[in-house]
Amino acid sequence: MLPGAGGGLGHFAIQYARAMAMRVIAIDSGDEKRDLCLKLGAEEFIDFKATKDVSAEIKRITAHGAHGVIVTAATKEAYALAPSFLRPNGTMVVVGMPRDASLIAGAAPISMVINRLNVVGSLVGSLNDVKEALDFTVRGLVHASTPHFCSTIISARLIRNSQFCRRESWKI
């Protein structure tokens, strides 16, 4: 389960999950993001703006909820809803870092206990994680969608201007 699947981090998360033989349900909004997510290997796409009850739709697709949710969208809404997407013993992985440091990732304690939910996060990967990620890229299993990747690094101010992202043949 990937809230924010059509964005800069999300489009990578779909590809890494598929490269590791995981089944992906993408959550985002709009036709362009739906098309991108499905093209990258998501089995299902849920448009959170067009779907009245995202949690119910996930339960319909999965029967009991997701085994895991990787939250790539750095929004209050994504973090508020993500635990409701999980089945008992499910795990929410915190990846997207919101600008608001007071945001809480998780659910009500009673829900966490009764459903035995796990919340994990990691600021950095190990050297082995990097090697595995580069191996997926070398094998052609993961690639950057330039507009999505560039919009993410520009909005996060990781580069000083958008000239870098205007190259016609930009590749990893």
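Residues numbered from 1 in each chain as written. Predicted model: local features only at pLDDT ≥ 70, side-chain atom pairs only at ≥ 80, totals over all residues. Heavy atoms only, no water.

### Topic: the overall build of the chain
Moving on, step 1. Scanning the chain from N- to C-terminus turns up seven helices and six strands.
Moving on, step 2. Secondary structure of the chain in N-to-C order comes out as β-α-β-α-β-α-β-α-β-α-β-α-α.
Moving on, step 3. Across the 172 residues of the chain, 35% fall into the buried class.
Moving on, step 4. Surface accessibility of the chain: about 10,600 Å² in total, with carbon and sulfur atoms responsible for 57%. (Helix = DSSP H or I, 4+ residues; strand = E, 2+ residues; numbered from the N terminus. Buried < 20%, exposed > 50% of the residue type's maximum accessible area, 1.4 Å probe, protein only. Areas by Shrake-Rupley, 256 points an atom, 1.4 Å probe, with all protein chains shown as cover.)

### Section: the sheet that holds strand β3 (residues 44-47)
Moving on, step 1. Read from one edge of the open sheet, three strands run β1-β2-β3, paired in parallel fashion. If you trace the sheet from one side to the other, it starts and ends with β1 (2-3) and β3, each paired once.
Moving on, step 2. Relative to β3, helix α3 (residues 54-62) is tilted by about 165°, and along the sheet it contacts β2 (25-28) and β3. (Pairing = 2+ DSSP bridges. Contact = heavy atoms within 4.5 Å. Axes fitted to C-alpha atoms, helices over the stretch in contact; angles between N-to-C directions.)

### Considerations on the nonpolar core
Moving on, step 1. Formed by 19 residues in total, the largest nonpolar core has its most connected members in Met-1, Ile-27, Ile-58, Val-69, Val-71, Phe-85 and Met-92.
Moving on, step 2. Counting residues per element, the ones that place at least two in this core are β2, α3, β4 (66-71), α4 (76-81) and β5 (86-94).
Moving on, step 3. Not counting residues up to four positions away in its chain, the partners in contact with Phe-85 are Met-1, Pro-3, Ile-27, Val-54, Ser-55, Ile-58, Gly-65, Ala-66 and Val-69.
Moving on, step 4. One finds Ile-14, Ala-17, Ala-26 and Ala-42 within the second-largest nonpolar core, a separate group that totals twelve residues. (Core = buried A, V, L, I, M, F, W, Y, C linked by side-chain atoms within 4.5 Å.)

### A few points about the side chain of Arg-87
Moving on, step 1. Position of Arg-87 among the secondary structure elements: in strand β5.
Moving on, step 2. Buried within the structure, Arg-87 lacks any salt-bridge partner; its nearest side chain of opposite charge belongs to Glu-43, at an N-O separation of 12 Å.
Moving on, step 3. Of note is the side chain of Arg-87, whose polar atom sits 2.7 Å from the backbone oxygen of Gly-65.
Moving on, step 4. With near-sequence residues (within four places) excluded, Arg-87 lies in contact with Thr-62, His-64, Gly-65, Ala-66, His-67 and Leu-117. (Lys, Arg positive; Asp, Glu negative; His and termini not counted. Salt bridge = Lys/Arg side-chain N within 4 Å of Asp/Glu carboxyl O. Polar contact = N/O pair within 3.5 Å; in protein donor to acceptor, adjacent residues only side chain to side chain.)

### Side note on the pairing of β3
Moving on, step 1. Pairing of β2 with β3, which is carried by four bridges, proceeds in the parallel orientation. Of the residues in β3, the one forming a bridge with Ala-26 is Phe-45.
Moving on, step 2. Tracing the backbone out of β2, into helix α2 (residues 31-40) and back to the parallel element β3 gives a crossover that is right-handed. (Right-handed = clockwise from strand over helix to strand, strands pointing away.)

### Considerations on the confidence of the model for the chain
Moving on, step 1. With 83% of its residues at a pLDDT of 70 or more, the chain has an overall mean of 84.
Moving on, step 2. At the level of individual helices and strands, the chain shows its lowest average pLDDT in helix α7 (residues 146-155), which scores 55, and its highest in β3, which scores 98.
Moving on, step 3. In the model, residues 168-172 has pLDDT below 50 throughout and makes six contacts with residues more than four positions away in sequence or in other chains. (pLDDT = per-residue confidence, 0-100.)

### Brief notes about α3
Moving on, step 1. Regarding α3, the residues found buried are Val-54, Ser-55 and Ile-58. In a view along the axis of α3, the buried residues occupy a sector of 100°, so they form one face of it.
Moving on, step 2. Along its buried surface, α3 packs onto β2, β3 and β4.
Moving on, step 3. Ala-63 sits one or two positions beyond α3 and adopts a positive phi of about 80°. (Arc of directions from axis to C-beta.)

### Comments concerning a nonpolar patch on the surface
Moving on, step 1. On the surface, Leu-127, Val-130 and Leu-134 cluster together into a nonpolar patch covering about 310 Å² of accessible area.
Moving on, step 2. Turning to its location among the elements, Leu-134 is positioned in helix α6 (residues 127-138).
Moving on, step 3. What makes Leu-134 exposed here is its relative accessible area of 52%. (Patch = residues over 30% accessible without salt bridge, like charges linked within 9 Å, V, L, I, M, F, W, Y side chains within 5 Å.)

### Remarks on the environment of Glu-77
Moving on, step 1. Checked against the element boundaries, Glu-77 lands in helix α4.
Moving on, step 2. On the basis of relative accessible area, Glu-77 is assigned to the exposed category, the value being 53%.
Moving on, step 3. When the C-alpha positions of Glu-77 and Pro-3 are compared, they lie 9.7 Å apart, and in sequence the two are 74 residues distant.

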